[in-house]
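Observations on the three-dimensional arrangement
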Amino acid sequence: MAARILNLNQPVSELASVGPKNAARLKRLGITTVRHLLWHLPARYDDYSQTTPIADLTVGSKVTIQGEVIKINTKRIFPRRMTIIDAIIEDSSGAVKAIWFNQPYIATTLPEGTIVSLAGKVNLDKRGLYLASPTYEKIGHQSLRHTGGLIPVYPETEGVTSKYIRFLIKPLLDDYVFEDVISEGIRQQYGLTDLTTALKTIHYPADAQDVDLARKRLAFEDLLLFQL
């Protein structure tokens, strides 16, 4: 099946999962087209390339863990109108608590028995180690986009998180190719990758070297278009 070419000038409001409210929020970041979205580049990357056994967790470290949700509870603190989701995640080496605030839907999303990948910072209180508001994904057939590898962190605004931006970008990179304004001859002359590869790499790099190569390619295009 031939790869589909996506129109970079397509309004971002026409994408799935972008309604009028989110389109207005994205506009605050200067994102109104698919091109703006794909060129909304990561400000940095969190390295979750290695899965850490729960028994090896240390305070202050940023980690990815994988295990089974063996217990999950919802607590409501009425004077403060706060909801706390309290879960216990277990792997073959041990168990650790994960806590989320004011996200009651997580109790339904991650019921007991769910195999999950969590990424976040390890904290310590009087009850022991825990992950506060970690990013989570169910482990299934699809590759991890929020908790595995070098995870992009984007400039954000109210109502638009890095997780939401990744949610919008990943299907575009998986399902489409992008028309290249730089000819193959020029790319070979200057050691540049094609546009589709550069965009996939800048948003989901394997390592820091990949980031440098993708930035070089996109910077070359920006300079070329500016000169033209």
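The rules behind the values
- Residues numbered from 1 in each chain as written.
- Predicted model: local features only at pLDDT ≥ 70, side-chain atom pairs only at ≥ 80, totals over all residues.
- Heavy atoms only, no water.
- Buried < 20%, exposed > 50% of the residue type's maximum accessible area, 1.4 Å probe, protein only.
- Helix = DSSP H or I, 4+ residues; strand = E, 2+ residues; numbered from the N terminus.
- Arc of directions from axis to C-beta.
- Contact = heavy atoms within 4.5 Å.
- Expected span 1.5 Å × (residues − 1).
- Core = buried A, V, L, I, M, F, W, Y, C linked by side-chain atoms within 4.5 Å.
- Polar contact = N/O pair within 3.5 Å; in protein donor to acceptor, adjacent residues only side chain to side chain.

Let's shift gears to helix α1 (residues 20-27). By the burial criterion, the buried members of α1 are N22, A23 and L26. Down the axis, α1 shows its buried residues gathered within 105 degrees of arc, on one side only. Exposed residues pointing more than 90 degrees away from the buried face of α1 are listed as P20, K21 and K27. On its buried face, α1 sits against α4 (162-175).

An α-helical segment advances 3.6 residues per turn. Residues three or four places apart therefore align on the same side. Taking 1.5 Å as the rise per residue, helix α7 (residues 208-227) with 20 residues should run 28 Å; its terminal C-alpha atoms sit 29 Å apart, in good agreement. Among the residues of α7, those classed as buried are V211, A214, R217, L218 and E221. For α7, the buried positions fall inside an angular range of 135 degrees around the axis, keeping them on one side. Residues of α7 that are exposed and point over 90 degrees away from its buried face: A208, Q209, D212, L223, F226 and Q227. Tucked inside the fold, the buried residues of α7 contact α2 (34-38), β2 (44-48), α5 (184-190) and α6 (195-203).

In terms of nonpolar packing, the biggest core is built from 30 residues, with L26, L37, L38, F178 and L199 touching the most fellow members. Here this core gets six residues from one element, more than from any other, and that element is α4. When sequence neighbours within four positions are dropped, the list of residues in contact with L38 reads L8, I169, L172, L173, F178, L199 and H203.

Moving on to the side chain of H40. With respect to the element layout, H40 can be found in the loop between α2 and β2. A distance of 2.9 Å separates the side chain of H40 from the backbone oxygen of P155, its partner in a polar contact. In contact with H40, not counting residues within four places along its chain, are L29, I31, Y154, P155, I165 and H203.

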